[in-house]
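# Notes for the structure review
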Amino acid sequence: MEEMLREMAPITLAEMGSVKLMNRTDTKFVTTMPRLLRLLEMARDDYYVQDIGGERNMLYDTTYFDTLDYAMYMEHQHGHVNRQKIRFRTYVSSHLQFMEVKTKNNHGRTKKKRIEVSDMDLSDGQKADFLAHHLRYDVSTLQPHMHNYFRRITLVNKAMTERLTIDTALEFHNCVTGRDRSMGPLVIVELKRDGLVFSPVLAMLRELRIHPHGFSKYCMGAALTNEHLAVNRFKPKLHDVERIIRNLQ
């Protein structure tokens with residue numbers, strides 16, 4: 001995979017400035033490493049790969065917060081279309097950390113607001129003011145629930161209208177139960193674009209029989225590491241994930 005990434009034309013963070021997509025539609029796909037290698041080969045001429053200091057497969061470190069009674073998890077579990085998540089994400093390669101609030105509305109659009117931070121203390125003035133404007137939950141009820149690590153490849157189409165993120169080596173740690181879970185060979189692909197603009201990767205995904213498949217890292221990680229949480233709506237996705245991992249081990 002590293003050799004394939006080296007063969008792709010690079011794009012820097014500065015050059016990606018016009019593809020921020022802070023108000024976007026997201027479509028996720030779940031696949032395997034062998035199919036990912038095929039996809040990278042097919043996408044080589046139509047996409048740039050993000051490069052930071054010569055690195056193209058970046059380590060991400062993320063902590064999700066939720067209320068004491070898992071209100072954000074339960075909103076998703078119950079299928080509510082207007083929902084939010086709050087997380088702290090560290091981009092290990094660039095040594096940057098952001099506090100992010102993601103809001104998904106009933107039109108399927110995702111809005112992301114974020115500020116750069118240096119820690120996860122919610123009590124300081126800057127974070128409290130930010131959350132008062134963008135989060136509809138009481139900050140005093142929040143605590144860290146889920147921690148994950150993963151490697152991410154970011155592709156940008158040459159028309160500069162979309163980003164494709166590819167996550168591998170996903171590891172979960174539940175901050176409440178203390179349980180860990182490795183997702184092994186699972187690959188999470190996410191297409192992020194502004195509306196329904198043309199996407200060259202969609203035809204490639206169809207050819208490889210990689211179909212849309214929702215996968216919330218927070219909710220799936222929580223469901224896999226906390227046996228006390230309701231999982232009714234997530235059961236088909238959990239079974240799919242377990243089957244993929246089992247068949248490739």
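Bear in mind that the values here come from a model prediction, so they are computed numbers and not experimental data.

## Observations regarding the overall build of the protein
Looking only at helices and strands, the protein has seven helices and 11 strands in total. On C-alpha atoms alone, the protein measures out to a radius of gyration of 18 Å, which is about the 18 Å that the 2.2 N^0.38 rule sets for 249 residues. Its C-alpha atoms give the protein principal-axis dimensions of roughly 50 × 40 × 35 Å. Residue burial in the protein is summarised as follows: out of 249 residues, 49% are buried. Sequence separation of 24 or more characterises 70% of the internal contacts of the protein that already satisfy a separation of 6 or more. Measuring between centres, the 37 positive side-chain charges of the protein sit 6 Å from its 31 negative side-chain charges.

## Considerations on the packing of aromatic side chains
All told, the structure shown has seven aromatic pairs when counted by the stated rule. With a centroid separation of 4.8 Å and 65° between ring planes, the pair formed by Tyr 60 and Tyr 91 is classed as edge-to-face. In this pair, Tyr 60 is assigned in strand β4 (residues 58–67) and Tyr 91 in strand β5 (residues 83–91), connecting sequence segments 31 residues apart. On the basis of relative accessible area, Tyr 91 is assigned to the buried category, the value being 15%. Here Phe 65 and Phe 88 contribute two aromatic rings whose centre-to-centre distance is 5.3 Å and whose plane-to-plane angle is 55°, an arrangement assigned as tilted. Here Phe 65 is found in strand β4, whereas its partner Phe 88 is found in strand β5, with 23 residues between them in sequence.

## Side note on the pairing of β5
The buried fraction of β5 is high, at eight of nine residues. In terms of strand pairing, β4 meets β5 through six bridges, oriented antiparallel. The partner of Tyr 64 across the bridge, within β5, is Arg 87. Two elements, β5 and strand β6 (residues 96–104), share nine bridges in a ladder whose sense is antiparallel.

## Quick look at the pairing of β6
The hairpin formed by β5 and β6 contains four residues between the paired strands, and His 95 there has a positive phi angle of roughly 60°. Where β6 meets strand β7 (residues 109–116), seven bridges bridge the pair, whose relative direction is antiparallel. When the sheet's bridge partners are listed, Lys 102 is paired in β7 with Lys 112.

## Things to note about unusual backbone geometry
In this structure, Tyr 70 takes a positive phi of about 60° despite not being glycine. Its place among the elements puts Tyr 70 in the loop between β4 and α3 (71–77). The class for Tyr 70 is buried, based on a relative accessible area of 14%. Even without glycine at this site, Arg 209 takes up a positive phi of about 60°. Within the fold, Arg 209 resides in the loop between α5 (200–207) and α6 (217–225).

## Some thoughts on the environment of Ala 9
When you line up the elements, Ala 9 lands in the loop between α1 (2–6) and β1 (10–11). Given the relative accessible area of 28%, Ala 9 is considered partly exposed. Counting along the chain gives 158 residues from Ala 9 to Asp 167, while the straight-line C-alpha distance between them is 19 Å. Sequence-distant contacts of Ala 9, defined by excluding residues within four places in its chain, comprise Tyr 47, Tyr 48 and Val 49.

## Let's talk about the layout of surface pockets
Here the second largest pocket defines a volume of roughly 250 Å³. Every residue lining the second largest pocket is counted, 13 residues in all, and those nearest its centre are Val 30, Thr 31, Arg 35, Arg 243 and Ile 244. The set of elements that each furnish at least two residues to the lining of the second largest pocket consists of β2 (23–32) and α7 (235–248). The biggest single contributor to the lining of the second largest pocket is α7, with five residues. Looking at the lining of the second largest pocket, its residues break down into four nonpolar, five polar and four charged.

What counts and how
- Residues numbered from 1 in each chain as written.
- Predicted model: local features only at pLDDT ≥ 70, side-chain atom pairs only at ≥ 80, totals over all residues.
- Heavy atoms only, no water.
- Helix = DSSP H or I, 4+ residues; strand = E, 2+ residues; numbered from the N terminus.
- Rg over C-alpha atoms; globule rule 2.2 N^0.38 Å.
- Buried < 20%, exposed > 50% of the residue type's maximum accessible area, 1.4 Å probe, protein only.
- Contact = heavy atoms within 4.5 Å.
- Lys, Arg positive; Asp, Glu negative; His and termini not counted.
- Charge placed at Lys NZ, Arg CZ, Asp CG, Glu CD.
- Phe/Tyr/Trp six-rings, centres within 6.5 Å; stacked < 30°, edge-to-face > 60°.
- Pairing = 2+ DSSP bridges.
- 1 Å grid on protein atoms, 1.4 Å probe; cavity = no way out; pocket = protein on both sides within 12 Å on 5 of 7 lines; lining within 4 Å.
- Points joined across faces, edges and corners; volume = space filled by probe spheres on them.
- Nonpolar A, V, L, I, M, F, W, Y, C, P; charged D, E, K, R; others polar.

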